[in-house]
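# Close look at the chain arrangement
Letter by letter, the chains look like this.
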Amino acid sequence: TGSYNTYIGDSAGTYITTASHNVALGQNALRGDTVGATGEYNTALGRQTLQKLSTGDSNVAVGYQAGLNITTGYENAFIGRQAGDSFTVGLYNVALGHRALQADTTGRGSIAIGHQALYSQNFTGNNTTHNVAIGQSAGYAITTGGGNTLIGGEAGDAINTGSENTAVGSYA
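This report concerns the structure included in the present document. (Residues numbered from 1 in each chain as written. Predicted model: local features only at pLDDT ≥ 70, side-chain atom pairs only at ≥ 80, totals over all residues. Heavy atoms only, no water.)

### Quick word on the overall build of the protein chain
Which entries qualify depends on this criterion: Numbered from the N terminus, helices here are DSSP runs of H or I no shorter than four residues, and strands are runs of E no shorter than two. Note that the radius of gyration is over C-alpha atoms, with the globule rule given as 2.2 Å times the number of residues to the power 0.38. Each residue's exposure class comes from its accessible area (1.4 Å probe, protein chains only) as a fraction of the maximum for that residue type: buried when under 20%, exposed when over 50%, partly exposed otherwise. Any pair of residues with heavy atoms lying within 4.5 Å of one another is described as a contacting pair. Every accessible area reported is derived by Shrake-Rupley at a probe size of 1.4 Å, with residue values counting cover from the shown protein chains alone.
Counting secondary structure elements, the protein chain contains 0 helices and 10 strands. Moving toward the C terminus, one meets the helices and strands of the protein chain in the order β-β-β-β-β-β-β-β-β-β. Relative to the globule expectation of 16 Å for 172 residues, the C-alpha radius of gyration of the protein chain, 16 Å, shows essentially globular dimensions. In the protein chain, which comprises 172 residues, the proportion classed as buried is 47%. For the protein chain, contacts bridging at least 24 residues in sequence account for 1% of all contacts bridging at least 6. For the protein chain, the accessible area works out to roughly 7000 Å², and carbon and sulfur atoms hold 53% of it.

This is the structure:
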C-alpha cells in the first residue's frame, strides 16, 4: 500500500508494506527484516544495503552491506563497503569509506571519513558522540570516547575511551 517506491533487484523491498518514497537497487536492498516494514525516504544502492530496515527514515546507504543491520535509525549516511553495517538504531551519523563506523550499534552524531575511520566505536545506549574522524584509520581504537576531532591518516588511532581530544596530522 506504499507509494512512490522503486525496488530493483532480487528481494529488494520485499517486506516494505506501507512505506513511501524509497529507492532500493540491489539484491536484498531495503528488504526489511519482517513483514510490515514502514521506513520512508530511504535510499539503498548495493547488495544488502539497509537490508534489515523496518521503521527508520531518511537513511542513505551505498555499497555492499552499507547500513546492513540498521532497523530504526534515522538520517544516517553510509557510503562504502560495510560502512556502518553494525548500526541498529543510529541517528545522524555519516560513514564514508570501507568499514567506517563499522562496530557502532547505537551511536549518534558521528562523522567517519576514510577506510576504517572510527572502526571500533561502539556506545551502549543511544548516546550522542560527536566524534569526527577524517583519514584512513583515524580514531580506529575509540570505543566509547566522545567529542574527539581527529584529522589525518591514523590520527588518534590509539585513543580508546578518551574524550574531547584534537589530533591533526598523520599519526598524530
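### A look at the sheet that holds strand β4 (residues 60-62)
Basically, it comes down to this: Here, any two strands with at least 2 DSSP bridges between them count as paired. Each axis is a line fitted through C-alpha atoms, taken for helices only over the stretch in contact, and angles between the N-to-C directions span 0 to 180 degrees.
Pairing within the open sheet is parallel, and its 10 strands lie in the order β1-β2-β3-β4-β5-β6-β7-β8-β9-β10. Each edge of the open sheet is held by one strand with a lone partner, namely β1 (6-8) and β10 (166-168). In this sheet, adjacent strand axes meet at a mean angle of 5 degrees when their direction is disregarded. With 3 bridges joining them, β4 and strand β5 (residues 77-79) adopt parallel strand pairing.

### Topic: the side chain of N22
Using the following cut-off: Any pair of N or O atoms that falls within 3.5 Å is considered a polar contact. Within protein, one atom must be able to donate a hydrogen and the other to accept it, and sequence-neighbouring residues count only if both atoms are side-chain atoms.
Examined against the element boundaries, N22 turns out to sit in the loop between β1 and β2 (23-25). You can call N22 buried: its relative accessible area is 0%. There is a polar contact of 3.3 Å between the side chain of N22 and the backbone nitrogen of Y41. With residues up to four places along the chain from it excluded, the contact list for N22 reads Y4, N5, T6, Y7, I16, L30, G39, E40, Y41 and N42.

### A closer look at the nonpolar core
This is how it is decided: Side-chain atoms within 4.5 Å link the members of a nonpolar core, which is a set of buried Ala, Val, Leu, Ile, Met, Phe, Trp, Tyr and Cys residues.
Core analysis: the biggest nonpolar cluster contains 29 residues, and L30, L50, F78 and L150 have the highest contact counts within it. Residues within four places of L50 in sequence aside, it is in contact with L30, R31, N42, T43, A44, N59, A61, A66, G67, L68 and I70.

### Quick look at the packing of aromatic side chains
Stated precisely, the cut-off is as follows: Aromatic contacts are taken between Phe, Tyr and Trp rings whose centres are within 6.5 Å, Trp giving its six-membered ring; a plane angle under 30 degrees counts as stacked, one over 60 as edge-to-face, and the others as tilted.
Using the criterion set out here, one finds 2 aromatic pairs in the structure. Judged by centre distance (5.5 Å) and plane angle (25 degrees), the rings of F78 and F87 are stacked. For F78, a relative accessible area of 0% gives the class buried. The buried category is assigned to F87, whose relative accessible area is 0%. Ring geometry for Y119 and Y140: centres 4.9 Å apart, planes at 0 degrees, overall stacked.

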